[in-house]
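Examination of the molecular architecture
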Amino acid sequence: MELIVQRRIKQVLKGDQNAFGEIVELYKDKVYQICFRMLWDRHEAEDAAQETFIKAFVNIHTYDPEKKFATWLYRIATNLCIDRIRKKKPDYHLDAEIAGTEGLNMYSQVASTEELPEEAVENLELQEVIQSAIFNLPEKYRSVIVLKYIEELQLQEIADILELPLGTVKTRIHRGREALRKYLRNM
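Please read these numbers as outputs of a predicted model, since none were measured by experiment.

Rules of the game
Residues numbered from 1 in each chain as written. Predicted model: local features only at pLDDT ≥ 70, side-chain atom pairs only at ≥ 80, totals over all residues. Heavy atoms only, no water. Helix = DSSP H or I, 4+ residues; strand = E, 2+ residues; numbered from the N terminus. Buried < 20%, exposed > 50% of the residue type's maximum accessible area, 1.4 Å probe, protein only. Contact = heavy atoms within 4.5 Å. Areas by Shrake-Rupley, 256 points an atom, 1.4 Å probe, with all protein chains shown as cover. Phe/Tyr/Trp six-rings, centres within 6.5 Å; stacked < 30°, edge-to-face > 60°. Lys NZ or Arg CZ within 6 Å of the ring centre and 35° of its normal. Salt bridge = Lys/Arg side-chain N within 4 Å of Asp/Glu carboxyl O. Axes fitted to C-alpha atoms, helices over the stretch in contact; angles between N-to-C directions. Parallel < 35°, antiparallel > 145°, perpendicular 65-115°, else oblique. Left-handed = near helix turned anticlockwise from the far one by under 90°. Nonpolar A, V, L, I, M, F, W, Y, C, P; charged D, E, K, R; others polar. Core = buried A, V, L, I, M, F, W, Y, C linked by side-chain atoms within 4.5 Å. Patch = residues over 30% accessible without salt bridge, like charges linked within 9 Å, V, L, I, M, F, W, Y side chains within 5 Å.

1. As for the overall build of the protein chain
- Each helix and strand in the protein chain was counted, giving eight helices and zero strands.
- Ordered by position from N to C terminus, the α and β elements of the protein chain give α-α-α-α-α-α-α-α.
- Looking at the protein chain as a whole, 37% of its 187 residues qualify as buried.
- Sequence separation of 24 or more characterises 60% of the internal contacts of the protein chain that already satisfy a separation of 6 or more.
- For the protein chain, the exposed surface amounts to about 11600 Å²; the carbon and sulfur share of it is 50%.

2. Description of the packing of aromatic side chains
- Tallied over the full model, the rule gives eight aromatic pairs.
- Joined through ring pairs, the aromatic side chains of Y27, Y63, F69, W72 and Y74 make up one cluster.
- Above the plane of the ring of F135 lies R142, whose end atom (NZ or CZ) is 5.0 Å from the centre.
- Directly above the aromatic system of Y149 lies the positively charged group of K148, at a separation of 6.0 Å from the ring centroid.

3. Describing the pattern of salt bridges
- Under the definition given, this model contains eleven salt bridges.
- Residues K30 and E151 are paired through a salt bridge, measuring 3.1 Å at the closest nitrogen-oxygen approach. Of this pair, K30 sits in helix 2 (residues 17–39) while E151 sits in the loop between helix 6 (139–150) and helix 7 (155–162); the two residues are 121 residues apart in sequence, bridging distant segments of the chain.
- Linking R86 and E139 is a salt bridge whose minimum nitrogen-to-oxygen distance equals 2.9 Å. Placement of R86 in helix 4 (residues 69–87) and of E139 in helix 6 is noted, with a sequence separation of 53 residues between them.
- A residue is classified by how much of its surface remains accessible, and R86, at 58% relative accessible area, is exposed.
- Residue classification places E139 among the buried positions, given a relative accessible area of 18%.
- When salt bridges with common partners are traced through the structure, they connect K30, R37 and E151 into a single cluster.

4. Some remarks on the packing of helix 5 (residues 117–136) against helix 8 (residues 166–185)
- Their axes nearest at 10 Å, the elements helix 5 and helix 8 cross at an angle of 130°. Judged by the angle between their axes, helix 5 and helix 8 are oblique. Handedness of the crossing formed by helix 5 with helix 8: right-handed. Residue-level contacts link V129, I130, S132, A133, I134 and N136 of helix 5 to L180, Y183 and L184 of helix 8.
- Grouping the amino acids of the contact of helix 5 with helix 8 by side-chain chemistry returns seven nonpolar, two polar and no charged.

5. So, the nonpolar core
- Counting residues in each nonpolar core, the largest one holds 49 residues, and the members touching the most others are Y27, V31, C35 and F69.
- Of all the elements in the fold, those that place two or more residues in this core are helix 1 (2–13), helix 2, helix 3 (42–58), helix 4, helix 5, helix 6, helix 7 and helix 8.
- In terms of residue count, helix 4 provides more of this core than any other element does, eleven residues in total.

6. Observations concerning a nonpolar patch on the surface
- On the surface, L126, I130, L184 and M187 cluster together into a nonpolar patch covering about 360 Å² of accessible area.
- Within the fold, L184 resides in helix 8.

7. Remarks on unusual backbone geometry
- In the Ramachandran plot, W40 falls in the positive-phi region, its phi being about 55° despite a non-glycine side chain.
- With respect to the helices and strands, the residue W40 is situated in the loop between helix 2 and helix 3.

8. Regarding helix 7
- Among all positions in helix 7, only E157, I158, A159, I161 and L162 are buried.
- Taken together, the buried residues of helix 7 touch helix 4, helix 6 and helix 8.
- Taken from the residues just after helix 7, E163 is the one with a positive phi, measuring 55°.

Printed below as a string of C-alpha cells:
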C-alpha cells in the first residue's frame, strides 16, 4: 500500500488532485478513528479528519518520502486533535444524550458482543468507566494511551506521530497507565 501511496503523492506533486482523493479514500477511516478516540465527539472528529486531509494536501510538499506517509498523516491528525482539546474546555459529557436521537448517548456507541444481558450491562459499565478515565487524563497521556491501546500502534510510530523521543513516549504510557490505575481504584 505504501508504494501506491508514494505513486499518488508524486502525481499530486505534479498537480493531479484526483490522486489525493485516492489517498483520502485509503486513510479516511483510520484518521477519523484517531480523531474520534481523542475527541469523543462525532462531529468534532469529522471536522478534525477533514481538516487533517486539507492540511496534508496543502503541505504535501513537506512530506519526506523516506518516511511512512501514514505516520506523517497521523501526526497531523493527532496534533489537530490536541489543538482542539486545548482550545475547547469540556462542555459535554459522555452520558449526555446525542442531539437528534432518543435516549442514545456516547456510551451506547460502544460496540456490543453477544453475551448474557447481565454480562453486557457489566461490560458496558466497565467500558464507560474506562472511557471516562481515559477522557479525564491530561492530553499528553491521553494521546499516547489512545494511540497505543486503542489504535494499537507501535511505540516508535507513536514517537514519530507525536514527534517525541521514544523514551518520552514510554514514560508517558507508563504514567498514563498509572493515572488510569489510580483513577480506577478510586471508583
